[in-house]
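Listed below, chain by chain, are the residues.
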Amino acid sequence: MRIGLMVGSDRERTRADRLDGLLDDGRAAEAQGFASFWFPQVPGYLDAMTAVALLGRVTERIEIGTAVVPIQTRHPLVMAQQAATTQAACGGRFTLGIGPSHDWIISGQLGLPYDRPARLVRDHLDVLGASLSGAGPVDVDNDSYRVHGSIDVTDYEVPVLLAALGPVMLRLAGERAGGTILWMADERAIESHIAPRLTAAACAAGRPAPRIVAGVPVALCSPGEVDDARAHAGEVLGHAELSPNYLRLLEHGDADDVGDTMAAGDEASVRARFRRYRDAGVTDLAARVIPLGEDAAARRDSRCRTKDFVASLCAEFG
C-alpha cells in the first residue's frame, strides 16, 4: 500500500499565501518520501488542476492528483485538454481524479442539473476516453454530448480515477477507469462493498487490477484525545447528512460519519488502522492530516508531528 498526502483548503493561511503554501506542501511531501499528493476541487477555493500543474513544475518524483474534479463543471473535451496540459506540466506524474460531486454543490451552488449522475459519468467518460487516447480527431455522439473536434496536446497518457460509491459507479470505475478515489469509506465498506465490485468489473473488462485510493483523516494524539479528534474531523470536513451519496456508502460499513473513518491516537493506533485499510484492499492511502490544538501554534505543531509520523510509515507499507 502506497502512502500519500491529501490536502484541502487551508483557511488559516492568508489568501496571498495559499497558493505558495500549497506548493511548499507539495515540495515537502516529496522530500519526506510520500508516494503521492492529492488536492480536491473545493468550492470557492484554489482551482485544482491549475494548482496541480504548478505543483508539477516544483516537484520531480511524486505523483500528483486531483481528488476530485466534478465533471459537470467542465465539458469532457475541455477536461481532456486541461488534463493533458496538466500532465505535460507534471512530466507524466499527474493522475486525473473525477466524479459527479453532490447535489448540494452542483444544483444548490451552481444551478446545474443533478439528475441521473451515473449516466452523465458514462457519457462523460465516452468523450474523455476518446480525447485522451492520443492526438487526433474526437467524434462522439451519446445522450449527453455531440462532440466533433480534435485534441493535440501531449504524448503523455493521463490515468483517470473515478470517485465511485455505489454499484453502478463502481462498475464504471472498474470498466472504464483505473480505479476509484474514496472518501468516508471505512474498512468494512471497502472490503465487502467497494473492492469486490470494482475488481470484478475490471476483470470482466479485461483491465488491470484497479487502484483503490482511500482518503483517510489522520491525527496523532493521546488516547484520551481520540474522541475529540473524531468530533473535530466531523466539524472541519463536513457531515455525511449533507450528501445522500455518503449516507448510502456508510450503510455498507461501520462508520456513522467521517470521524469514524479516522486513524487517530498514538503511533501504534494509527499504524494499526493503516494496516486494516491495507488488508481491506486499499492500494493507496491518502492521509488527510487533521491538526489539533487551541491556537495556530499548537495546530501547526500537531500537523508537523502527524505528518512526520505518517511519512515514517511510507517505507514500512510501501
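If you check an unreviewed UniProt entry, the chain appears there as LLM class F420-dependent oxidoreductase from Mycolicibacterium monacense.

Caption draft 1: View of the overall build of the chain. Helix and strand counts for the chain come out as 12 helices and 12 strands. In terms of overall dimensions, the chain is globule-like: its C-alpha atoms have a radius of gyration of 19 Å, near the 20 Å expected for 318 residues. Taken over the C-alpha atoms alone, the chain extends approximately 60 × 40 × 40 Å along its principal axes. A sequence separation of at least 24 residues applies to 73% of the contacts in the chain between residues at least 6 apart. Of the roughly 13800 Å² of accessible surface on the chain, a fraction of 50% belongs to carbon and sulfur atoms. For the chain, the centre of its 33 positive side-chain charges and the centre of its 43 negative side-chain charges are spaced 2 Å apart.

Caption draft 2: The arrangement of the nonpolar core in detail. Formed by 103 residues in total, the largest nonpolar core has its most connected members in Phe34, Leu96, Ile98, Leu128, Leu162, Ile190 and Phe274. Broken down by element, the residue count for this core peaks at 7 residues, all from strand E10 (residues 211-220). Those residues in contact with Leu96 that sit more than four places away from it in its chain are Met49, Thr66, Met79, Ala83, Leu128, Val158, Pro159, Val160 and Leu161.

Caption draft 3: Representation of the environment of Thr86. Position of Thr86 among the secondary structure elements: in helix H3 (residues 76-90). Through-space distance from the C-alpha of Thr86 to that of Leu55 is 9.7 Å; in sequence the pair is 31 residues apart. Filtering out sequence-adjacent residues up to four positions away, Thr86 remains in contact with Met49, Val52, Ala53 and Phe94.

Caption draft 4: How the structure looks around helix H11 (residues 296-312). With 17 residues, H11 ought to run about 24 Å at 1.5 Å a step, and its terminal C-alpha atoms sit 24 Å apart, in line with that. Looking only at H11, the buried set comprises Ser302, Thr306, Lys307, Phe309, Val310 and Ala311. The elements touched by buried residues of H11 are strand E1 (2-6), helix H1 (18-31), E10, helix H10 (267-280), strand E12 (284-289) and helix H12 (314-317). At the N-terminal end of H11, a side-chain oxygen is found 3.2 Å from the backbone nitrogen of Ala297, two or three residues along, and the residue is Asp295.

Caption draft 5: Inspection of the packing of helix H6 (residues 167-176) against helix H7 (residues 187-204) at higher detail. Where H6 contacts H7, the axes come no closer than 7 Å and their chain directions differ by 45°. Taken together, the axes of H6 and H7 lie oblique to each other. As for how H6 packs across H7, the hand of that crossing is right-handed. Between H6 and H7, the contacting residues are Pro167, Leu170, Arg171, Ala173, Gly174 and Glu175 on the first element and His193, Ile194, Arg197, Leu198, Ala201 and Ala202 on the second. In terms of residue class, the contact of H6 with H7 is built from 7 nonpolar, 2 polar and 3 charged.

Quick notes on the rules
- Residues numbered from 1 in each chain as written.
- Predicted model: local features only at pLDDT ≥ 70, side-chain atom pairs only at ≥ 80, totals over all residues.
- Heavy atoms only, no water.
- Helix = DSSP H or I, 4+ residues; strand = E, 2+ residues; numbered from the N terminus.
- Rg over C-alpha atoms; globule rule 2.2 N^0.38 Å.
- Contact = heavy atoms within 4.5 Å.
- Areas by Shrake-Rupley, 256 points an atom, 1.4 Å probe, with all protein chains shown as cover.
- Lys, Arg positive; Asp, Glu negative; His and termini not counted.
- Charge placed at Lys NZ, Arg CZ, Asp CG, Glu CD.
- Core = buried A, V, L, I, M, F, W, Y, C linked by side-chain atoms within 4.5 Å.
- Buried < 20%, exposed > 50% of the residue type's maximum accessible area, 1.4 Å probe, protein only.
- Expected span 1.5 Å × (residues − 1).
- Polar contact = N/O pair within 3.5 Å; in protein donor to acceptor, adjacent residues only side chain to side chain.
- Axes fitted to C-alpha atoms, helices over the stretch in contact; angles between N-to-C directions.
- Parallel < 35°, antiparallel > 145°, perpendicular 65-115°, else oblique.
- Left-handed = near helix turned anticlockwise from the far one by under 90°.
- Nonpolar A, V, L, I, M, F, W, Y, C, P; charged D, E, K, R; others polar.

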